[in-house]
Amino acid sequence: MKRRNFLSTSAAASVGIMACKSTNAMPNETLEAENKLKNNINHSVCRWCYSKIPMEDFLKSLNELGIKAMDLTGPEDWPIMKKYGIHASMCWGAGKGILEGWNDPKLHEELIADYKRVIPLVAEAGYTNLICFSGNRNGMPDDEGLKNCTDGLKQIMSFAEKHGVVLQMELLNSKVDHADYMCDTSAWGVELCKAIGSDNFKLLYDIYHMQIMEGDIIRNIQDYHQYFGHYHTGGNPGRNEINDTQELFYPAIMKAILETGYKGYVAQEFIPTWDDKIAALKEGVTICDV
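Residues numbered from 1 in each chain as written. Predicted model: local features only at pLDDT ≥ 70, side-chain atom pairs only at ≥ 80, totals over all residues. Heavy atoms only, no water.

### Quick look at the state of the cysteines
Phase 1 of the analysis: For the coordinates displayed, the defined rule picks out zero disulfides.
Phase 2 of the analysis: Cys149 takes part in no disulfide bond, and the closest cysteine sulfur, belonging to Cys183, lies 7.6 Å away.
Phase 3 of the analysis: Take Cys149: its relative accessible area is 0%, and that puts it in the buried class.
Phase 4 of the analysis: You can see Cys193 has no disulfide; the closest cysteine sulfur is in Cys183, sitting 8.1 Å from it. (Disulfide = S-S within 2.5 Å. Buried < 20%, exposed > 50% of the residue type's maximum accessible area, 1.4 Å probe, protein only.)

### Concerning the confidence of the model for the protein chain
Phase 1 of the analysis: When pLDDT is averaged across the protein chain, the result is 91; 88% of the residues are at 70 or more.
Phase 2 of the analysis: Scored below 50 in pLDDT, residues 8-33 makes 28 contacts in the model with residues more than four places away or belonging to other chains. (pLDDT = per-residue confidence, 0-100. Contact = heavy atoms within 4.5 Å.)

### Points about the nonpolar core
Phase 1 of the analysis: The biggest cluster of nonpolar side chains holds 91 residues, and the ones touching the most others in it are Tyr115, Leu153, Leu167, Met169, Phe201 and Met254.
Phase 2 of the analysis: Here Leu153 is in contact with Trp102, Leu167, Met169, Leu192, Ile196 and Phe201, once residues within four sequence places are set aside. (Core = buried A, V, L, I, M, F, W, Y, C linked by side-chain atoms within 4.5 Å.)

### Side note on the pattern of salt bridges
A side chain of one charge can pair with a side chain of the opposite charge when the charged atoms of the two come close.
Phase 1 of the analysis: Evaluation of the coordinates by the stated rule reveals twelve salt bridges.
Phase 2 of the analysis: For Glu110, the salt bridge goes to Lys96, with nearest N and O atoms at 3.4 Å. Of this pair, Glu110 sits in helix H6 (residues 108-124) while Lys96 sits in the loop between strand E3 (87-91) and H6, and the two are 14 residues apart along the sequence.
Phase 3 of the analysis: Linking Arg137 and Asp184 is a salt bridge whose minimum nitrogen-to-oxygen distance equals 3.1 Å. In this pair, Arg137 is assigned in the loop between strand E4 (129-132) and helix H7 (142-163) and Asp184 in the loop between strand E5 (166-170) and helix H8 (186-196), connecting sequence segments 47 residues apart. Each member of the pair, Arg137 as well as Asp184, carries the same accessibility label: buried.
Phase 4 of the analysis: Salt bridges sharing common partners tie together Lys96, Glu100 and Glu110. (Salt bridge = Lys/Arg side-chain N within 4 Å of Asp/Glu carboxyl O. Helix = DSSP H or I, 4+ residues; strand = E, 2+ residues; numbered from the N terminus.)

### What about H7?
Phase 1 of the analysis: The terminal C-alpha atoms of H7, which comprises 22 residues, lie 30 Å apart, in line with the 32 Å expected from a rise of 1.5 Å per residue.
Phase 2 of the analysis: In the structure, H7 departs most strongly from a straight axis at Ile156, where the bend amounts to approximately 40°.
Phase 3 of the analysis: The set of residues buried in H7 consists of Gly145, Leu146, Asn148, Cys149, Thr150, Gly152, Leu153, Ile156, Met157, Phe159 and Ala160. (Expected span 1.5 Å × (residues − 1). Bend = angle between axes of the 7 residues up to and from the residue.)

### Remarks on unusual backbone geometry
For residues other than glycine, phi is negative in most cases, and the peptide bonds are mostly trans.
Phase 1 of the analysis: The linkage connecting Asn236 with the following residue, Pro237, adopts the cis geometry, with an omega of 0°.
Phase 2 of the analysis: Within the secondary structure, Pro237 sits in the loop between strand E7 (228-232) and helix H11 (250-259).
Phase 3 of the analysis: Of note, Asp216 is a non-glycine position whose phi angle comes to about 50°, a positive value.
Phase 4 of the analysis: The topology assignment puts Asp216 in the loop between helix H9 (207-213) and helix H10 (217-224).

### Regarding the packing of helix H4 (residues 55-65) against helix H12 (residues 277-288)
Phase 1 of the analysis: The geometry of H4 relative to H12 is characterised by a closest axis approach of 11 Å and an angle of 35° between their N-to-C directions. Considering how the two elements wind past one another, H4 and H12 form a crossing that is right-handed. In contact with Phe58, Ser61, Leu62 and Leu65 of H4, H12 contributes Ile278, Leu281 and Lys282.
Phase 2 of the analysis: Each residue belonging to the contact of H4 with H12 can be placed in one class, and the counts come to five nonpolar, one polar and one charged. (Axes fitted to C-alpha atoms, helices over the stretch in contact; angles between N-to-C directions. Left-handed = near helix turned anticlockwise from the far one by under 90°. Nonpolar A, V, L, I, M, F, W, Y, C, P; charged D, E, K, R; others polar.)

### Notes on the pairing of E3
Phase 1 of the analysis: Burial within E3 is extensive, with four of its five residues counted as buried.
Phase 2 of the analysis: Sheet topology note: the strand E2 (residues 69-73)/E3 ladder contains four bridges and is parallel. Each bridged residue has a counterpart across the sheet, and for Thr73 the counterpart in E3 is Cys91.
Phase 3 of the analysis: Crossover connection from E2 via helix H5 (residues 78-83) to parallel E3: handedness right-handed. (Pairing = 2+ DSSP bridges. Right-handed = clockwise from strand over helix to strand, strands pointing away.)

See the structure below:
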């Protein structure tokens, strides 16, 4: 299932996981050793990439892999996630999705009411991050959209601050996956952060999307990390596994994130192509576990 529909490390370690994918017959002791993470990166995963796996089965797999959190879940998911000790690292449930967002002032009244409904739910559940979107341009100049987003979001920032919830606008590419989306560069998103001027508004920096739009991933992390509140992975091209089948070198990217002092979560958001989806997820986490 594509995400837009859902909304309406070492070479040796990689070789070992590939072998597991092929044979599925490793001794338990070997699997336990491989599943032991370094805990430098807080690992998460986006639920929509594994939506065909029943939720409870998926949560059990996360426990086995040592993954502590899951992205893009709503209030209906949180009780069973709590049962398995899985944190909701990026919540959703407010807004109108990717296409219609804060850049349209006609939607502000509706969006403000909806986010004021969901923000307390996030806080009461013990979570912090809630996703939001700029919306598509639809012919609107970027500077006008930035002002509109600022005007709308500022009306709920004190409410978010009161509840300890951080709104995170996702950076998405408008070249391949989300044509006409406005918040499609780090520079535009950073200007929005500066205009809003609250620690409770950040950018969700999706590495896959920003590789398509601007590249220079590590330099942008170094320069703008204070505005990035969360990270997503994905292999480019294709948004599939993050191994050597694609152009991004994730161990170096993860090290750069760590060097900024980042303490939040990094969520795997690649679409697995392997028959064994959990083995693919395990490889991705291992690659990022620097």
